[in-house]
Amino acid sequence: MKQSLFESRHQAQWQQFEQLLDQLERGRTRAEDCQSFVQDYRRLCQHLALAQERGYSSYLIDPLQQLVLRGHQQLYRQRTAISANVLAFMLAGFPRLVRQEWRLVLIASLLFFGSLLGIGLLVYLYPELVYSLVSQQQVAEMRSMYDPSGTRLGRVAERASSEDWVMFGYYIMHNIGIAFQTFASGLLFGLGSVFFLFFNGLMIGAIAGHLTQIGFGQTFWPFVIGHGAFELSAIALSGAAGLKLGWALIAPGRLRRGDALLQAARVSVQLIYGVIVFLLIAAFIEAYWSSMTWPAAWIKYSVGAGLWSLMLAYLTLAGRESHAPE
Amino acid sequence: MLETTATPRNASLHPPLDTRYQVETPEGIDLPLRPAGLLVRTLAFSLDLGIRGLVLGLLFIVLGFFGEIGIGLGSILLFLISWWYMVLFEVLNQGRSPGKQLMGLRVVQDDGTPIGWSASLTRNLLRFADMLPFGYFLGAISCLQHPTFKRLGDLAAGTLVIYREQSLTRPQLPDATPRLAPFALSLNEQRAILGFAERQGQLSAERTRELAAILAQPLHVPAAQATAELNGIARGFLGST
């Protein structure tokens, strides 16, 4: 068949298919318009194969190829109904995933909490150690922040709600930034994640140890105990997600490194979804609960203990039943 | 001696000379994608950076009037724009951030389908690893050594930055009386002759004559008539409308 005849015979079908594609790409289609989509697409593929096989002009083949590509994108795209899945994921999927990756979570937690507690204890016992880790200026800043005789936390008492809002924004920005860094640098064979886990553990531990040692513990601990549950575990979890990437490169198993990385990334980005939610919760608690000064220390401590056990119970127990809410 | 473009099943495919990336669809069609290289991607990223800077600058000026609520809102917006700008545009705007749109690029999955939330988030979070130790050093190295120009984030997310297909305007074939080729032509030769006729408008008359003259001898025509002869053969392939 000559090219012109072929074209004039099928042109109308191609144009119709292109209009349908235009609608689909703009997301304005009704179900009944798409009834024949698959047949039309298959027929278009056949036309393309024929056109190539008969040596028709590039000016015919290329537009057909573009149409097929657009059809392919519409037919084979992954559609995920996010809103329905978010709840199921947070109620069951995420804690299950954390338990499934328990080895990496354990390693990351040991690195982070181990260095945090270790250095905290060391700084508490040998106070001058803090200056070899944290710059003098930062130490002074932290001191003035948690000074019980009340410079800044004293001001917190009459802090307006607008300022809570400021701090909420700041905490989101700052903490999620740290978590994302810890995750992303795991791509360097896990070294980056190890470094950031260890480094953040050291910094936080040193400051906590120092403040306790100089007797500011009574303002420091009630402040951090509540949101720490979600904030610190989120950093450990993002480290675990980063280690997952690194481990796929170090020990890809029977896959090629590229494929192992692809699979690992698919899992670890889900961990990151959970981390984001954790950090949003943490920022909310930090801005609106931790900054309150009227509750007595024992209330703060018991709420903090409640939040820690809630977080642990959530990660270890949620989603265990097979008929978990989906 | 008709030679088809389809290679026998056991033949190994020639790697193409250009940077095309073939996606084989379940229908058995090979779709060529054209991956975008380092330079054009850098330009697209710089444009995005500029746009983000501009938007943030304007927002901060406006939010400055709202005092502390403005600052809080500003830092949330800063967070959204610095971490989610790319993700939102890529997922909701068919793989195109404004910079990519201006440079005629788009992001797709390895199999040519549109990019989803997870893949987009992965490739944009891992941008941090690409930027290490400074100025996109690792990303640039990865991009330059990879056959389809992937940076580290693309490798992990299984994504590809390609040129968007531009719609073609079809040129008019020069007028000539259709005729048969004096001997059987292979498919590639057929397409070469069609291509010659279609692209004549872009060539100078001298170049056209020069190219056609190469084929004068096998066509058994004087060099001066070779152009007309080739156009006639192309017309013949096309058939009457």
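Residues numbered from 1 in each chain as written. Chains lettered and ligands numbered in written order. Predicted model: local features only at pLDDT ≥ 70, side-chain atom pairs only at ≥ 80, totals over all residues.

J.: Can you break down the domain arrangement of chain B residue by residue, with the values?
T.: Per the domain assignment, the segments making up chain B are domain 1 (38–163) and domain 2 (187–238). Between domain 1 of chain B and domain 2 of chain B, the C-alpha centre-to-centre distance is 47 Å. (Domains from an automatic or database assignment.)

J.: Could you give me a rundown of the pairing of strand β3 (residues 105–109) of chain B, with the residues and numbers involved?
T.: All names here are of chain B. Buried residues dominate β3, accounting for 5 of its 5 residues. Of the two faces of β3, both are covered, the one formed by Leu105, Val107 and Gln109 as well as the one formed by Arg106 and Val108. Bridge count for β3 against strand β4 (residues 159–163) is 5 bridges, and the pairing is antiparallel. For Val108, the partnering residue across the bridge sits in β4 and is Leu160. (Buried ≥ 20, exposed ≤ 12 C-beta atoms within 10 Å, placed from the backbone. Helix = DSSP H or I, 4+ residues; strand = E, 2+ residues; numbered from the N terminus. Pairing = 2+ DSSP bridges.)

J.: An account of the packing of helix α9 (residues 205–214) of chain B against helix α11 (residues 226–238) of chain B is needed here, citing residue identities and associated values.
T.: Residues and elements named next belong to chain B. Running from amino to carboxyl end, α9 crosses α11 at an angle of 75°, the nearest separation of the two axes being 8 Å. With respect to each other, α9 and α11 are oriented roughly perpendicular. Side by side, α9 and α11 meet where Thr208, Arg209, Ala212 and Ala213 of the first sit next to Ala226, Thr227 and Leu230 of the second. The residue makeup of the contact of α9 with α11, split by class, is 4 nonpolar, 2 polar and 1 charged. (Axes fitted to C-alpha atoms, helices over the stretch in contact; angles between N-to-C directions. Parallel < 35°, antiparallel > 145°, perpendicular 65-115°, else oblique. Contact = placed C-beta atoms within 7 Å. Nonpolar A, V, L, I, M, F, W, Y, C, P; charged D, E, K, R; others polar.)

J.: Break down the interface of chain B and chain A for me, with residues and values.
T.: Each side of the interface is counted separately: chain B has 50 residues, and chain A has 55 residues. Breaking the side of chain B that touches chain A down by element, the ones donating at least two residues are β2 (30–33), α2 (67–92), α4 (117–125), α5 (127–131), α7 (152–157), α8 (187–198) and α11 of chain B. Element by element, the count of residues in the side of chain B that touches chain A is highest for α2 of chain B, at 10 residues. Grouping the amino acids of the side of chain B that touches chain A by side-chain chemistry returns 27 nonpolar, 17 polar and 6 charged.

J.: I'd like a description of the confidence of the model for chain A, backed by residues and values.
T.: Residues and elements named next belong to chain A. With 91% of its residues at a pLDDT of 70 or more, chain A has an overall mean of 83. Helix α8 (residues 152–157) is the least confidently modelled element of chain A, averaging 46 in pLDDT, while helix α5 (residues 102–125) averages 91, the highest of any element. Between residues 151–158, whose pLDDT stays under 50, and residues either more than four places distant or in other chains, the model counts 9 contacts. (pLDDT = per-residue confidence, 0-100.)

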